[in-house]
Amino acid sequence: MEQTLWGDRGQVVRADAADGQDPNGCIAVSRLGAVQAGADVFTVWVQLRGTSWVEAKEGRFRLRRGHWIALERDSKPLVQSDRYGLCLGVALSADALRAMARFADSPLYAGRGWLSRRDALTLLRLWRAVSRHAPQGPDFLALRPLLLHMVAIQQEFSDYIQRCPGRSRSRKRQVFGRLQRARLYLEGNCDRVVRISELAELTSFSSWYFSRTFYSLYDESPQAAAARMRLEHAAELLRNTSMMVGEVAAASGFDNCCSFARAFRARFGTSASRYRMASTASRTDSAKSSALVRKAAVKTGT
């Protein structure tokens, strides 16, 4: 891979090891650009501005400002930015992931999350430093600060790892990594009903063992987690799109509007139509308040 790959202004580039090149490096996607990662790299993506769409083996995800996502080596994600977007990424080979064990307390896991403005600025500074200086030698000295910062961002996973079954720490980490990928698969397929057999096959566990371990770790069954994620997806569509309620139900994996209406009311305490009206009113009030503040600032000259 080149020192830095950048998909910008509608350009589509490929991040893959070829011709003996080092697969580790920095990636950026901006202004309708896109990057297709290969099957041999673990990737981490952080959205700094605008919105990006990620299509991977685990499903389809929308990254908003401040969100991050980490994907396994065989995910082969395609990351597409909107016209205002800026998404930074890091690609890591298997050798780089193994090298992390020498200087990091924990490996990187697949998953999604949010980072604070302070963490985002730190990551941007470290990413720029790596993009200017390619990794040197097997110790990946240039990548080390950036990787340590990414591990710190995933520090919230440490409590979950301790709850995983297994006698050794390595076994607990292995189980957690598999369950994280299953959870990510649920999030990436909120437009349909995901079968337990799919998740069990993805994690190489039996359906019984997977369901039992998933519940003990996340305090909800896979079925309950899938239903919650689908309803949260529906709520987002109601807030941010003009789709009809029936279309939102279909896009969230519900067979008919009646079952969707019952599930939505049970989850949010109101109907889908009233939820949309309340969200629209809230945005209107917020816009009016912002306009009044700007008008007052102009009058006072502040």
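Above: the structure in question.
Reading the values: rules and limits
Residues numbered from 1 in each chain as written. Predicted model: local features only at pLDDT ≥ 70, side-chain atom pairs only at ≥ 80, totals over all residues. Heavy atoms only, no water. Buried < 20%, exposed > 50% of the residue type's maximum accessible area, 1.4 Å probe, protein only. Helix = DSSP H or I, 4+ residues; strand = E, 2+ residues; numbered from the N terminus. Pairing = 2+ DSSP bridges. Salt bridge = Lys/Arg side-chain N within 4 Å of Asp/Glu carboxyl O. Phe/Tyr/Trp six-rings, centres within 6.5 Å; stacked < 30°, edge-to-face > 60°. Lys NZ or Arg CZ within 6 Å of the ring centre and 35° of its normal.

Novice: How do you make sense of the pairing of strand E9 (residues 78-81) when you look at a structure like this?
Specialist: Remember that side chains alternate between the two faces of the sheet whenever the strand is regular. The alternating pattern of E9 places Val 79 and Ser 81 on a buried face and Leu 78 and Gln 80 on a face that is not buried. Note: strand E4 (residues 34-37) against E9, three bridges, orientation antiparallel. By the bridge assignment, Val 35 is partnered in E9 with Val 79. In this sheet, E9 lies alongside strand E6 (residues 52-56) in antiparallel orientation, the contact comprising four bridges. Looking at the pairing, Val 54 lines up with Val 79 of E9.

Novice: Please clarify how the pattern of salt bridges should be interpreted in this entry.
Specialist: Working definition: two side chains of opposite charge can pair if their charged atoms are close together. Counted according to the given criterion, the structure contains 15 salt bridges. We note a salt bridge from Asp 74 to Arg 181, for which the minimum N-O separation is 2.7 Å. Of the two residues, Asp 74 is situated in the loop between strand E8 (67-71) and E9 and Arg 181 in helix H5 (residues 169-188); the sequence distance between them amounts to 107 residues. The exposure class assigned to Asp 74 is partly exposed, which follows from its relative accessible area of 32%.

Novice: Got a minute to help me understand the packing of aromatic side chains in this structure?
Specialist: Geometry of an aromatic ring pair is reported as the spacing of the ring centres plus the angle between the planes. One pass over the full model with this rule turns up 15 aromatic pairs. On the basis of an interplanar angle of 45° and a centroid distance of 5.7 Å, the ring pair of Tyr 160 and Tyr 218 is categorised as tilted. Here Tyr 160 is found in helix H4 (residues 158-163), whereas its partner Tyr 218 is found in helix H7 (residues 207-218), with 58 residues between them in sequence. Judged by its relative accessible area of 30%, Tyr 160 falls in the partly exposed class. On the basis of an interplanar angle of 65° and a centroid distance of 5.1 Å, the ring pair of Phe 205 and Tyr 209 is categorised as edge-to-face. The class of Phe 205 is buried, set by a relative accessible area of 11%. Among the aromatic residues, those joined into a ring-pair cluster are Trp 68, Tyr 109, Phe 157, Tyr 160, Phe 176, Phe 210, Phe 214 and Tyr 218. Sitting over the ring of Tyr 218, Arg 183 keeps its end group 4.4 Å from the ring centre.

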